[in-house]
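Tertiary structure, described
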Amino acid sequence: FVIFCPDASDHAKGLLRLLLLCTGHANRNWSHLTFESWLGLKKAVIDHKNFLKEYASIDYILETFQELFTTLIAKCRRKRIPGNGDKTRARQIKIYNVETGTEETALDENKYDNDDLIEDEEVESMNDISLGQYRAETEDVFPTIYELFIEILGFEGETVVYDMVIPMMNETNFKLKFDKLIDVNGNYVKNTEALLFAARCMIDGMESPTKISSRFIESLLQTITNQLPSEGIIIRQSLLIVQRAAEHLKHSRALVETILSFLIRNFLDPSNMVVASTSLLSVCESIGEHLPGQSAFEILDIMGQSFAEPKANESFIENLLQAVFAVLQQTKSKKQFNEIVDKLCEQMNVMIAQSLENTDLVMNPRFQQNLKIIGFYFELCESVDSEFKDHLIKQVEQVVLQGMPLFVALLKPFSIKKYETLLAVIRIIKKSVHILDTQVFEHFELIMTEVFNCFRTNPTRNATSLTIIPAILTSSTSVPVVEQWLQDNYVNMNVFFVETIKTTNDPDIVKHFVNIQSKIYDYHRFFFFSCSYFDELIEILLDIVLNVNQYEMMRELLNFFFSLMTNPDLHDNEKLLKLVPNLIRVLIHSLPEINRPNIQQISNILSAILLSFQNGGAELQSIFINALEHEKFNKVSQKQKEIFVASLFSQAHEPVQFRMILVNFAGFVNSNETDDIFIRMEMLLASSLMKAK
């Protein structure tokens, strides 16, 4: 291109004509092989644009790119318009019928719900590719065409692109140009859909949607909302463009109401409702604070209707809800904020009341979606400004307190068949404890009982339910019902945990169990030390350190032991003093196998012990030396063991050096380090002695 294009010779023009003919070839595979050449040409033209403008001709190149656009639109047109009563190729989908309470199979006529998955366009030969694949390849070419005209012609280039795309979406203009087509109406729909696809690619191809011309975007959005056909494929591409161009509505407030009306019109169309709601979410996230006052209430009304709409799937409702929350998070009007919250809570109270009256509704897939909605409330409580928070928490409190008996009942064994629903209930109760605090105290005892029963029925599956107990323990340092529950259940809980862990060694169970123990130690210490099962509990945890090497579990476990070893009353607590030598032995034995990130925690524990027992040097050193008398350390000589222990003692005040000694020693035991490390340890030891003098 650099050689031939600048001279605008017949040879150069013939070269581009040949390339254009190849792009227009009936075989899509051969056609798409030319795309890299067009991308390369665009780069060459832009790199040499000053030379081309001053000494040569650039017009014929721009004209060729205009023809390229027309060629690609023709190649991207569909062969048929899906729907229109043709169900032979429709995809089967599952919908929930709220009247019968069962899942039913239905046909989704909107087969083309993803341009990358257009499957019903016949491939002409074994060497061809599908239309969906071809379109995917063009996604880089359409933005290239846009960028070329803008880079070379500036504002005039915007007009050229506009003239290529927008006017041909007008039916009259299309018929004037193609009046000899047999099926001019059908071809108009197909051509318009291809133009919309090209426009979407142009928007997507920009680093930021705001880098594309506002004039072009505004004209495109006006065209979408005013004059296009109502076929599903047109609506879908239009909705996707709104989704990509939402950011531009900040600069075009006049279009906002028109766009919202367009989106809302398509909410209850089963084939487009999810795309419409996703586009609405993009609009609300971009310009939520500038939405017309009643928009959020319209969305809420539609959301309320959708709870009883069989074809309104979970993604649709979730998008609507997130759109409303996007408005809430951006609004500056306290009055509007409170009114929207009141409306939301009213819908939730109705849902909970119905579920309490008819427990069969819990099996409705929509119920799980409603649980998610309550979860969104709590997210909002944590994210909004403090001036809006009081009214929100008051309303959420009413919803949760009304629903708490239902949520607790759902923790009962076998009351929930879907694990996702159980997780949603767990999240709600945890957030309730965290945010509402004292308002749910009266439920704590029952909640913890049902959580533990839920866990006991299937420890591996339901281990996540245990996360509720630490949340309650943290929020209730002096709540009588919690103290009573611990009095009645703590020993039995430990017995069950220990027996379960012996059987399964499941890292998740261990992690949650240790988290519970940590919170009991932090906030209800009397029960921790007075438990008659304390020794067995510590023994099984030490055994896990040696035998179950899983990072997250080990992190919780080592943090727990660090808390014990940094107890201010360590020297006066017989149980902790008894633990010290066993803990040192286990930590030293675990060094060769443990994950390297966990060595930092071992370092913290051992240095804490050394600093706490500074006056017990000889006795403590013998504990370390004895810990090294294990077959794992057979390759370490007695002299090297002594150097290792002495260097640890000398660097107890230096966290970085202390950790590196442990890391290097573990590396030596695993044959990843040479015995030079002991020379470095001796140097550290000598340096420490010099400082002491």
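Everything discussed here concerns the structure shown above.
Being a predicted model, the structure only gives us computed values, none of them experimental.

Per the secondary structure count, the chain includes 33 helices and 2 strands. Relative to its full complement of 693 residues, the chain shows a buried share of 51%. For the chain, the proportion of contacts with a sequence separation of at least 24, taken over those separated by at least 6, is 71%. When the accessible area of the chain is evaluated, it comes to approximately 31500 Å², of which 49% is carbon and sulfur surface.

Judged by how many residues are buried, helix α22 (residues 468–475) sits mostly within the fold: 6 of 8 residues are covered. Turning to α22, its buried residues are I468, I469, P470, A471, I472 and L473.

Considering all chains together, one arrives at 26 aromatic pairs under this definition. Plain terms: the ring middles of Y521 and F528 are 5.4 Å apart, the flat faces sit at 75 degrees to each other, and that makes the pair edge-to-face. As far as burial versus exposure is concerned, Y521 and F528 are alike and both buried. Measuring from ring centre to ring centre gives 5.0 Å for F668 and F678, while their planes differ by 85 degrees; the resulting arrangement is edge-to-face. Of this pair, F668 sits in helix α32 (residues 655–669) while F678 sits in helix α33 (residues 676–692), placing them 10 residues apart in sequence. F668 gets classed as buried once you look at its relative accessible area, which sits at 7%. Feature note: the residues Y521, F528, F529, F534, F560 and F561 constitute an aromatic cluster, connected by ring pairs. In this structure, K13 packs its charged tip against the face of Y60, placed 5.8 Å from the ring centre. In this arrangement the basic side chain of R456 is found over the ring face of F496, its NZ or CZ atom lying 5.0 Å from the centre.

Let us now look at a negative patch on the surface. Taken together, the side chains of E36, E137, E139 and D140 define an acidic patch exposed on the protein surface. You can see E137 is positioned in helix α6 (residues 131–138). Judged by relative accessible area, E137 falls into the partly exposed class, the value being 38%.

As a packed pair, helix α28 (residues 574–590) and helix α30 (residues 617–627) sit with axes 9 Å apart at the nearest point and diverge in direction by 40 degrees. One element, α28, and the other, α30, form an angle in the oblique class. Helix-helix and strand crossings are classified by hand; for α28 and α30 the assignment is right-handed. Between α28, through P581, I584, R585, I588 and H589, and α30, the contact on the second element is made entirely by L620, I623, F624 and A627. Along the lines of polarity and charge, the residues of the contact of α28 with α30 split into 7 nonpolar, 1 polar and 1 charged.

Core analysis: the largest hydrophobic core is formed by 229 residues, its most contacted members being F142, I374, F561 and F644. Looking at this core, the element that brings in the most residues is helix α10 (residues 184–205), giving 11 residues. Leaving out residues up to four positions away in the same chain, F561 has contacts with L541, L542, V545, L579, L583 and I605.

Counted according to the given criterion, the structure contains 15 salt bridges. Of the charged contacts, one joins E552 and K511 as a salt bridge, the two residues approaching to 3.4 Å between their closest N and O atoms. Of this pair, E552 sits in helix α27 (residues 551–565) while K511 sits in helix α24 (residues 507–523); the two residues are 41 residues apart in sequence, bridging distant segments of the chain. Of the charged contacts, one joins K641 and E629 as a salt bridge, the two residues approaching to 3.6 Å between their closest N and O atoms. Within this pair, whereas K641 is found in helix α31 (residues 638–650), its partner E629 is found in the loop between α30 and α31, the two being separated by 12 residues in sequence. Because the salt bridges share partners, they merge into one network encompassing R78, R135 and E193.

Time to look at the packing of helix α26 (residues 534–547) against α27. As a packed pair, α26 and α27 sit with axes 11 Å apart at the nearest point and diverge in direction by 130 degrees. The angle between α26 and α27 falls in the class oblique. Here α26 runs over α27; the crossing is left-handed. Facing α26, whose interface residues are I538, L541, L542, I544 and V545, α27 presents M553, M554, L557, F560, F561 and L564.

Rules used in this analysis
- Residues numbered from 1 in each chain as written.
- Predicted model: local features only at pLDDT ≥ 70, side-chain atom pairs only at ≥ 80, totals over all residues.
- Heavy atoms only, no water.
- Helix = DSSP H or I, 4+ residues; strand = E, 2+ residues; numbered from the N terminus.
- Buried < 20%, exposed > 50% of the residue type's maximum accessible area, 1.4 Å probe, protein only.
- Contact = heavy atoms within 4.5 Å.
- Areas by Shrake-Rupley, 256 points an atom, 1.4 Å probe, with all protein chains shown as cover.
- Phe/Tyr/Trp six-rings, centres within 6.5 Å; stacked < 30°, edge-to-face > 60°.
- Lys NZ or Arg CZ within 6 Å of the ring centre and 35° of its normal.
- Patch = residues over 30% accessible without salt bridge, like charges linked within 9 Å, V, L, I, M, F, W, Y side chains within 5 Å.
- Salt bridge = Lys/Arg side-chain N within 4 Å of Asp/Glu carboxyl O.
- Lys, Arg positive; Asp, Glu negative; His and termini not counted.
- Charge placed at Lys NZ, Arg CZ, Asp CG, Glu CD.
- Axes fitted to C-alpha atoms, helices over the stretch in contact; angles between N-to-C directions.
- Parallel < 35°, antiparallel > 145°, perpendicular 65-115°, else oblique.
- Left-handed = near helix turned anticlockwise from the far one by under 90°.
- Nonpolar A, V, L, I, M, F, W, Y, C, P; charged D, E, K, R; others polar.
- Core = buried A, V, L, I, M, F, W, Y, C linked by side-chain atoms within 4.5 Å.

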